[in-house]
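# Breakdown of the fold
Residue strings, one per chain:
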Amino acid sequence: MSKIKARKGAPYARILGVGGYRPVRVVPNDVILEKIDSSDEWIRSRSGIETRHWANDEETVAAMSIEAAGKAIADAGITAEQIGAVVVSTVSHFSQTPAIATEIADKLGTNKAAAFDISAGCAGFGYGLTLAKGMIVEGSAEYVLVIGVERLSDLTDLEDRATAFLFGDGAGAVVVGPSEEPHIGPTVWGSEGDKSETIKQTVPWNEFRLGDVSNLPLDSEGNVKFPAITQEGQAVFRWAVFEMAKVAQQALDAAGITANDLDVFIPHQANVRIIDSMVKTLKLPEHVTVARDVRTTGNTSAASIPLAMERLLATGEAKSGDTALVIGFGAGLVYAASVVTLP
Ligand SMILES: CC(C)(COP(=O)(O)OP(=O)(O)OC[C@H]1O[C@@H](n2cnc3c(N)ncnc32)[C@H](O)[C@@H]1OP(=O)(O)O)[C@@H](O)C(=O)NCCC(=O)NCCS
């Protein structure tokens, strides 16, 4: 018989508040066209993207996170001291160690909250949400702050016409806390590491440090390019369209609801064509509000779902208490989907 005493947290968890931060600088397609042979029309029709935000020097990963988190904490009606854990999902924080989450937890004024980073690409929000729910039900934290934050402009090769127009910067955050009823449905998640080459960093840091010019990509002026995110656009597109609609359906099934019961659909904001295709495959009824924030925010990876959620609530397109399907997918390849009640 085990001698270990278990701890019991809340019966269930729910998202209590959401906040977002978009950098001040809005970058239209015209700016992207300065470096690649393309057109505003092509970018809009193939991706749906019209503008994105790029961070300035002051809009660091920590600064954007603190802004978004501050709003989420206020929205949840709690104080920073009540937060027991801070989970930061990002692929664009440039210090290998320590995690940026500890600095954020400190600057927000938490009481020495547990804090760590996770790397799950564009599924990062769903991964963080799943961890948060587990912590709350297990009792290791009463309130958990989940932040998705990216400065993808630092990892974008502006001369690569396949990716230059896709990415943006920003932070989105939610506070997850205790609930008497299930307001975050079962997560359907997974990884397909056999497809890890389809989205990746052009050059690993150690190879970049060695600076062997014969092996490294060069820019138009012959300088070694800083590592950037590269992808096999068509392969990722097909995977997202065919496989992720199935995962989204599984999340609906696991939550015991049908598309008819949904109010809102918030998929990862990668491409309007992927979103529209999922809407069709899932046969979402007309009444379901669909997030298409990618148009003006670009693809902000881990930040995209909370940013889209915040905007739908701020504009009144969605309301507190609505039932929403969220699904993130990307580099790994990884994915995570669940049905949640909006804060
Ligand atoms: C990137 C993406 C928008 C490109 O759209 P696409 O329709 O797949 O485009 P393709 O790569 O098949 O290229 C089609 C044609 O446009 C051309 N093209 C590529 N980039 C272009 C650009 N920026 N401007 C103009 N033409 C371009 C190609 O050369 C190709 O020309 P060809 O037919 O003469 O060979 C799309 O693949 C995509 O969104 N993929 C998924 C991205 C994603 O979700 N990534 C992150 C997941 S987290």
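Computed from a predicted model, the values in this text were never measured in an experiment.

Criteria and thresholds
- Residues numbered from 1 in each chain as written.
- Predicted model: local features only at pLDDT ≥ 70, side-chain atom pairs only at ≥ 80, totals over all residues.
- Heavy atoms only, no water.
- Helix = DSSP H or I, 4+ residues; strand = E, 2+ residues; numbered from the N terminus.
- Rg over C-alpha atoms; globule rule 2.2 N^0.38 Å.
- Buried < 20%, exposed > 50% of the residue type's maximum accessible area, 1.4 Å probe, protein only.
- Contact = heavy atoms within 4.5 Å.
- Near = heavy atom within 4 Å.
- Polar contact = N/O pair within 3.5 Å; in protein donor to acceptor, adjacent residues only side chain to side chain.
- Areas by Shrake-Rupley, 256 points an atom, 1.4 Å probe, with all protein chains shown as cover.
- Phe/Tyr/Trp six-rings, centres within 6.5 Å; stacked < 30°, edge-to-face > 60°.
- Salt bridge = Lys/Arg side-chain N within 4 Å of Asp/Glu carboxyl O.
- Pairing = 2+ DSSP bridges.
- Axes fitted to C-alpha atoms, helices over the stretch in contact; angles between N-to-C directions.

Here we come to the overall build of the protein. The number of helices and strands found in the protein is ten helices and 14 strands. Relative to a compact globule of 343 residues, whose C-alpha radius of gyration would be 20 Å, the protein shows 20 Å and is just as compact. With the C-alpha coordinates aligned to their principal axes, the bounding extent of the protein is approximately 65 × 45 × 40 Å. By residue count, 53% of the 343 residues in the protein fall in the buried class. Partitioning the intrachain contacts of the protein with sequence separation of at least 6 by distance along the chain shows that 77% fall at a separation of at least 24.

Around the ligand sit 23 residues, and of these Ser 38, Arg 46, Gln 231, Gln 234 and Asn 271 come closest. For the ligand, a nitrogen atom lies 3.4 Å from a polar atom in the side chain of Trp 42. Here a nitrogen atom of the ligand sits 2.7 Å away from a polar atom, N or O, in the side chain of Gln 231. Calculation on the ligand without its partners gives an accessible area of 950 Å², and the protein chains cover 72% of this total.

Scanning all chains against the criterion turns up eight aromatic pairs. On the numbers, 6.5 Å between centres and 55° between planes, the contact of Trp 239 with Tyr 335 is tilted. Taken together, the residues Trp 239 in helix α7 (residues 233–255) and Tyr 335 in strand β14 (residues 334–341) connect sequence positions 96 residues apart. Feature note: the residues Phe 94, Trp 205, Phe 208 and Phe 226 constitute an aromatic cluster, connected by ring pairs.

For the rest of this paragraph, the subject is helix α8 (residues 272–281). Among the residues of α8, those classed as buried are Val 272, Ile 274, Ile 275, Ser 277, Met 278 and Val 279. Looking at the buried positions of α8, the neighbouring elements they touch are α2 (40–47), α7, β11 (264–267), β12 (289–290), α9 (294–297) and β13 (323–330). If you check the start of α8, you find a side-chain oxygen 2.7 Å away from the backbone N of Arg 273, and it comes from Asn 271. One or two steps after α8, the chain reaches Lys 283, where phi turns positive at roughly 50°.

Before going further, it helps to spend a moment on the pattern of salt bridges. Where charged atoms of side chains with opposite charge meet at close range, the side chains can pair. Here the structure, examined in full by the defined rule, presents 16 salt bridges. Measuring nitrogen to oxygen at the nearest pair gives 3.5 Å for the salt bridge that ties Arg 311 to Asp 293. Remark: Asp 293 occurs in the loop between β12 and α9 and Arg 311 occurs in helix α10 (residues 304–315); sequence separation between them is 18 residues. Judged by relative accessible area, Arg 311 falls into the partly exposed class, the value being 30%. With a closest N to O distance of 3.0 Å, Asp 322 and Lys 319 form a salt bridge. With a relative accessible area of 7%, Asp 322 lands in the buried category.

Strand order across the open sheet formed by five strands is β1-β7-β6-β4-β5, with mixed pairing between neighbours. Looking at strand neighbours, the two that pair on one side only are β1 (12–21) and β5 (114–118), the edges of this open sheet. Sheet twist, expressed as the mean angle between neighbouring strand axes with direction ignored, is 20°. Running over the sheet, helix α4 (residues 100–108) touches β4 (83–89), β5 and β6 (143–151) and is turned about 140° from β5.

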